[in-house]
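Results of the structural survey
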Amino acid sequence: MKKIIAFAGSNSKASINKALAVYASSLVANTEVSVLDLNDFELPLYGIDYETDNGIPDNANKFLEIIKSADGMVLSLAEHNGTYATVFKNLFDWMSRIDGELWSEKPMLLMATSPGARGGVDVLETAKARFPYMGGNIVSEFSCPSFFDNFKDGKVIDKELNAILNHAILALEKAL
């Protein structure tokens, strides 16, 4: 059985992106899913002076090892001011100091959601432009606009959006 990880690029305890990642990962057939929480991988703010004085924190190595041991991933990015949430960018920066190809060509379903009608499309575009240079193998993507209107009781309730998500899930399943 293939092993996938699911996580949100957020440290909110009530993360809507984590809810979306958990739901999407539950739809991936014949996989064992590990849901990760960035709060379990606390890291100091990246800076070269910190790295020079203290080295790379264990949590950055731990998270990277989890990525490398997985067969694929479901990642839903929170969007803050049109780009990654600081907690995700910080983790991303630390991991890139260990391995520039940090995503290790693992098949990835890349997603985003937001309370607004754009559904995090700016952060998706940023990630789609950057991740391939870092070993990212984005096999499908999904944006869920207006989260609180379209996601209830732990699932996407809009039929059209759910069909788009299921198509994205199929692409991930084929790539695993």
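In this convention, every chain numbers its residues from 1, walking through the sequence in written order. Only residues with pLDDT of 70 or above have their local features reported here, since the model is predicted, and side-chain atom pairs are shown and tallied only from 80 upward, although totals for entire chains, interfaces and linings are computed over all residues. Calculation of side-chain values draws on the structure's entire complement of heavy atoms; hydrogens and water are dropped beforehand.

1. Re the overall build of the chain
Stated precisely, the cut-off is as follows: Every helix listed is a DSSP run of H or I at least four residues long, and every strand listed is a run of E at least two residues long, numbered separately from the N terminus. Throughout, radius of gyration means the C-alpha value; the globule benchmark is 2.2 Å times the number of residues raised to the power 0.38. We call a residue buried when its accessible area falls under 20% of the maximum for its residue type, exposed when it is over 50%, and partly exposed in between, using a 1.4 Å probe and counting protein chains only. Every residue pair with non-hydrogen atoms within 4.5 Å of one another is taken to be in contact. Throughout, the Shrake-Rupley method with a 1.4 Å probe supplies accessible areas, and for residues the shown protein chains are the sole cover considered. We count Lys and Arg on the positive side and Asp and Glu on the negative side, and we leave His and both chain ends out. Working definition for charges: the position is that of NZ of Lys, CZ of Arg, CG of Asp or CD of Glu.
Of regular secondary structure, the chain possesses 7 helices and 9 strands. Relative to its length of 176 residues, the chain is compact, with a C-alpha radius of gyration of 15 Å against a globular reference of 16 Å. Considering only C-alpha atoms, the chain reaches an extent of 50 × 35 × 25 Å along its principal axes. Looking at the 176 residues of the chain, the share that counts as buried comes to 46%. Taking contacts inside the chain between residues at least 6 apart in sequence as the whole, the part at least 24 apart equals 79%. Here the chain has roughly 8500 Å² of accessible surface; of this, 49% comes from carbon and sulfur atoms. Positive and negative side-chain charges of the chain, numbering 16 and 23 respectively, have mean locations separated by a distance of 5 Å.

2. Concerning the packing of helix H3 (residues 58-69) against helix H4 (residues 86-98)
To keep it simple, the criterion reads: Between the N-to-C directions of two axes lies an angle of 0 to 180 degrees, each axis being a line fitted to C-alpha atoms and, for a helix, fitted only over the stretch in contact. The scheme is simple: roughly parallel for angles under 35 degrees, roughly antiparallel for over 145, roughly perpendicular for 65 to 115, oblique for anything else. By the convention adopted, Pro, Cys, Tyr, Trp, Phe, Met, Ile, Leu, Val and Ala count as nonpolar, Lys, Arg, Asp and Glu as charged, and the other residues, Gly among them, as polar.
Here H3 crosses H4 at 80°, and the two axes come no closer than 9 Å. Comparing the axis directions of H3 and H4 gives the class roughly perpendicular. Facing Ala60, Asn61, Phe63, Leu64 and Ile67 of H3, the residues of H4 in contact are Leu91, Trp94, Met95 and Ile98. Of the residues assigned to the contact of H3 with H4, the class counts are 8 nonpolar, 1 polar and no charged.

3. Quick word on the pattern of salt bridges
We count it as follows: Think of a salt bridge as a Lys or Arg side-chain nitrogen and an Asp or Glu carboxyl oxygen that are within 4 Å of each other.
The final tally for this structure, using the stated rule, is 7 salt bridges. If you follow the salt bridges from partner to partner, you end up with Glu125, Lys128 and Glu141 in one network.

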